[in-house]
Structures are given as structure tokens and as C-alpha cells.
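# Close look at the chain arrangement
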Amino acid sequence: MWRREAVQMRFVDIIEKKRWKEELTEKEIYWWIQHYIAGEIPDYQVSALLMAVVLNGMTVQETSALTMAMMESGETIDLSCIPGIKVDKHSTGGVGDKTTLALGPMLAACGAKVAKMSGRGLGSTGGTLDKLESIRGFNCYLDKEAFINQVQDIGIAVIGQTESLVPADKKLYALRDVTGTVASIPLIASSIISKKLAAGAEVIELDVKYGDGAFMKTADEAGELAKMMIYLGEACGRKVRAMITDMNEPLGMAIGNALEVKEAVATLRGRGPEDFTELVLTSGANILAEAGLAADRAQGRRKMESVLADGSALEKLKAMVEAQGGDTAQIENPELLPEAALITPIFSREDGFVRKASALELGRLAMEIGAGRETKEAVIRPETGIVLGKKTGDRVAAGEVLAWVHHSEPLQPAWIERLYGAFEMSREEVPKKQLIYRML
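Okay, so let's go over this structure. It should be emphasised that the depicted structure is a prediction, and the values quoted were computed from it without experimental measurement.

## Examining empty space enclosed by the protein
Using the criterion set out here, one finds four cavities of 30 Å³ or more in the structure. Quantified by volume, the largest cavity comes out at close to 60 Å³. Together, Asp88, Lys89, Thr100, Leu103, Gly104, Leu107, Val114, Lys116, Ile156 and Val158 line the largest cavity. Contributing elements (two or more residues each) for the lining of the largest cavity: strand S1 (86–91), helix H5 (99–109), strand S2 (113–118) and strand S3 (156–160). Per element, the largest residue contribution to the lining of the largest cavity is four residues, and it comes from H5.

Spelled out as C-alpha cells, the structure:
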């Protein structure tokens, strides 16, 4: 942790400065973070500054200073003792996003070292840790030595973020979450990159999502966020690349924790949904090329395809699960994963084409039956969720299955009507959705 400077400031002056759209100095930003972490600035004052940032923005210099101040607020992890190129990926979040569970083992099978710290979900579905904990016995909390040893030995470990890693971000994010100050590009960018810098990876791939199921509602907003994060990472000596991807409908077909583990395993067996498979292949090809483990993206993609075909990526997932105390029988036979007491098919009422399957509404519906948590105290039911039968551009006949609902309690009629409402239908043919909009 950094040494606190003996500088006299008044936090109200910093709030007023940002209110008048003036640029904060590096000293002012460090002083803010240091004294807030020490409990010397009350939440109500920090909330006022955060709202001023949301309304008036931050310069690149301010955002850089905030990123570094947060990164230095706690410990950092030194991965230099691990031979090879250390890689990481980060998604800005979305419905059905189980990318780490497939992409991580594929990269490890290609020779990359995947040292991944992930979080839990608050909202539509669980985060990566919640999905992994669908596997019986899986331990998300290794100490630093065990984490480094596992990455060194088998090439991959996925664990929960330690309490001492970037504590400023934990405290600020909890406050942003309840004060309507999450959707700010400087605050999002500094939050993500401070954690990635502290976690020690050399190559970072960002999946920046836009649409009704994402923080960024348009591709242009997502591009602005991606450029800011690339700048922040590269300024600190990391190789950072980004994909801008569409989150107007769920990624893959499964929404819900154990259901998404099953889909990730199917993908590692070469039987995953087309859109999700394409995402992990493209992302992996980018990372391998940036890490120098492939001559270019084309060779990187061929390597990714080969570890699916020969089964080595699936073996890496099993090795990680075993190393972290999980039941590998549930990977070999995913039907052993938690299963819902009730599975209800929802049949189309009309002929036509799917114009849209709303990620936002489908995510909310999944959360309401137990697949996500609306409050931090809520308990996730790993077996619950929704598996889509149709997505944008698919032809559907009356009586065909739009979705299967995996649930533990009877579905209410109003909930079912909302599920129907999540699907927009068209009499005219609809083109398939382009998932990857742009790469930076």
C-alpha cells in the first residue's frame, strides 16, 4: 500500500471543483482515495463527488490518476515467477456470459498462463464464481501461493478477488451501486483496469458489451469505454485489446449457473452454440496473437480449434476443477450438475421469425426464479434458469419451443406472459444478429 501524504485538504473543495467541471489534480485524487479507504471521508460526501463525475466526466489524466490510486490502495500480485505469458480477459457483463469457463481452458491448452480473478453477479445471473460453485466442492478462494502454484502447474486458475486487492474499488463500487453512479465511463474504466493491473497479467482482452442487457447502450459508447481502458492499460505497460460485442440478446442459449456450466462443457466438446463458440474462438485468437503464442490471428484461431478437436481444452477444465476441489464427474457427465425439479417448455403462439430475444428482460426473468441475486444477501439457486429454443433470425412455427424454463416453484401466469413479451416476432424474414461489432 502507498504511503499516505501529510497534505491538508478539504473534501468539500474537491466536490465543488468537480461540480464546476474543473480538473482534479493527481494529489487531490490520491488524497481522496487514501482518506476514503481510511474511513475519514463519509459516504455521503463521496456520493456527491461520484455524481459530479457522472454528470461532468473526467479527463484522461484524471482517469489515469484514479486508476493508479485505486490499484495502489492494496496489494498487487507479482506473477513474474511463473514462466510463460500471463493472460487475462474481462467482460463488462451480460446475460448468458460464461466465456471464462470455455475460453480459459482453451487458452491454457494452447500454452498461455491464465491467472484469473473473477467476481460474483448482482443482477440477472450469477458471475463466474457463482457458475463455478455450481460444481460440487469447487473452491473459489485459494491463497496467493496456491493460486500462483496452480497457474504454474496446470496453466489456469480462476479464483475470487482477494479482500486486499484494490480495496478502494470494492468500497467505491458498493457505493456506486446504490447511488445511481455506475454508468460512467471514467468510473467503469478505472474500476476494471485497476483490478487488472493489480492482478498481474501481461496481456488483457476486453469484451465490451453494448445493448439492452449491458451498461453501455450503444456501440459508440462501448467503443469509447474500450478506448479508454486500452489507453489506461497500455500506459502501464500491458498489451490490451478489445472486442465490441452485442448484448441485445443473451450470449449462447443458456441463462443460469449450472445451465451455463453445461453449455461451456458442450462448447469444449465442439457442440456449443454457434454465437458463443465464435466469440471464444475469436477472443482466443486475439489473445494468442498478442501474447506471441501465434504468428497472427489466423494461426491463433487454428490453435483454438485444434484444442477443441483433440479434447485437450476439456482436459484443462477438468484439471482446474480437480485442483480446486471440484467434482470432475460433473464435468465428464454434466447431467450430474444441479438440476431443477421442474422444466417447463414455453411454446410459440404464432408462425414467423424472431426479431429479438431481449437480454434485459430474459435476464430479469431468470433472476426472479433464482438464477441471480437482486441483493447481495440473496441466495442463488444454481439449477434454475432459462434455455432458449430460438434466437434472433430463427424461423419459428406455432407450437415450437421458444424456451425451456428450469424452475423449483410453479410459474406465475404473469411471469409467463412477460417471457412471451421478451420475444419480438416478425412475419418477414429477419437476418441473424452480428455478435462481434468491432475489434480494437
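## Things to note about helix H8 (residues 167–177)
For H8, the full list of buried residues reads Pro167, Ala168, Asp169, Leu172, Leu175 and Arg176. Where the residues of H8 are buried, they touch helix H2 (26–37), helix H3 (43–56), helix H4 (60–71) and helix H9 (185–199).

## Considerations on the sheet that holds strand S5 (residues 239–246)
In any sheet, the strands associate via hydrogen bonds between backbone groups, in a parallel or an antiparallel arrangement. The sheet built from six strands is open, its strands ordered S3-S2-S1-S4-S5-S13 with mixed pairing. Two strands bound the open sheet, and with one partner strand each, they are S3 and strand S13 (436–439). In this sheet, neighbouring strand axes are inclined to one another by 20° on average, regardless of whether the strands run parallel or antiparallel. Alignment of S1 against S2, held across two bridges, turns out to be parallel. Following the sheet pairing, Lys86 is matched in S2 by Lys113. Each of S1, S2 and strand S4 (203–210) is contacted by H9, which is oriented at about 160° to S1, the strand it contacts most. Set on the sheet, helix H12 (residues 274–290) makes contact with S1, S4, S5 and S13; between it and S5 the angle comes to about 165°.

## As for unusual backbone geometry
A positive phi angle, near 65°, is found at Lys21, a position not held by glycine. Summarising the element assignment, Lys21 is placed in the loop between helix H1 (11–19) and H2. What makes Lys21 exposed here is its relative accessible area of 63%. Here the phi dihedral of Val166 falls at roughly 50°; this positive angle occurs in a residue that is not glycine.

## Some thoughts on the side chain of Gln330
Here Gln330 shows up in helix H15 (residues 329–332). Given a relative accessible area of 2%, Gln330 falls into the buried group. Side-chain polar atoms of Gln330 contact the backbone nitrogen of Arg136, separated by 2.7 Å. A polar contact of 2.9 Å, which involves the side chain of Gln330, links it to the backbone oxygen of Leu336. Every residue in contact with Gln330, bar those within four places of it in the chain, is listed here: Ser134, Ile135, Arg136, Leu336, Leu337 and Pro338.

## Observations concerning the layout of surface pockets
The computed volume of the second largest pocket comes to approximately 380 Å³. As for the second largest pocket, its lining consists of 16 residues, of which Glu249, Glu274, Asp275, Lys432 and Lys433 are closest to the centre. Counting residues per element, the lining of the second largest pocket draws most heavily on H12, at three residues. Looking at the lining of the second largest pocket residue by residue, the classes come out as six nonpolar, one polar and nine charged.

Rules and cut-offs
Residues numbered from 1 in each chain as written. Predicted model: local features only at pLDDT ≥ 70, side-chain atom pairs only at ≥ 80, totals over all residues. Heavy atoms only, no water. 1 Å grid on protein atoms, 1.4 Å probe; cavity = no way out; pocket = protein on both sides within 12 Å on 5 of 7 lines; lining within 4 Å. Points joined across faces, edges and corners; volume = space filled by probe spheres on them. Helix = DSSP H or I, 4+ residues; strand = E, 2+ residues; numbered from the N terminus. Buried < 20%, exposed > 50% of the residue type's maximum accessible area, 1.4 Å probe, protein only. Contact = heavy atoms within 4.5 Å. Pairing = 2+ DSSP bridges. Axes fitted to C-alpha atoms, helices over the stretch in contact; angles between N-to-C directions. Polar contact = N/O pair within 3.5 Å; in protein donor to acceptor, adjacent residues only side chain to side chain. Nonpolar A, V, L, I, M, F, W, Y, C, P; charged D, E, K, R; others polar.

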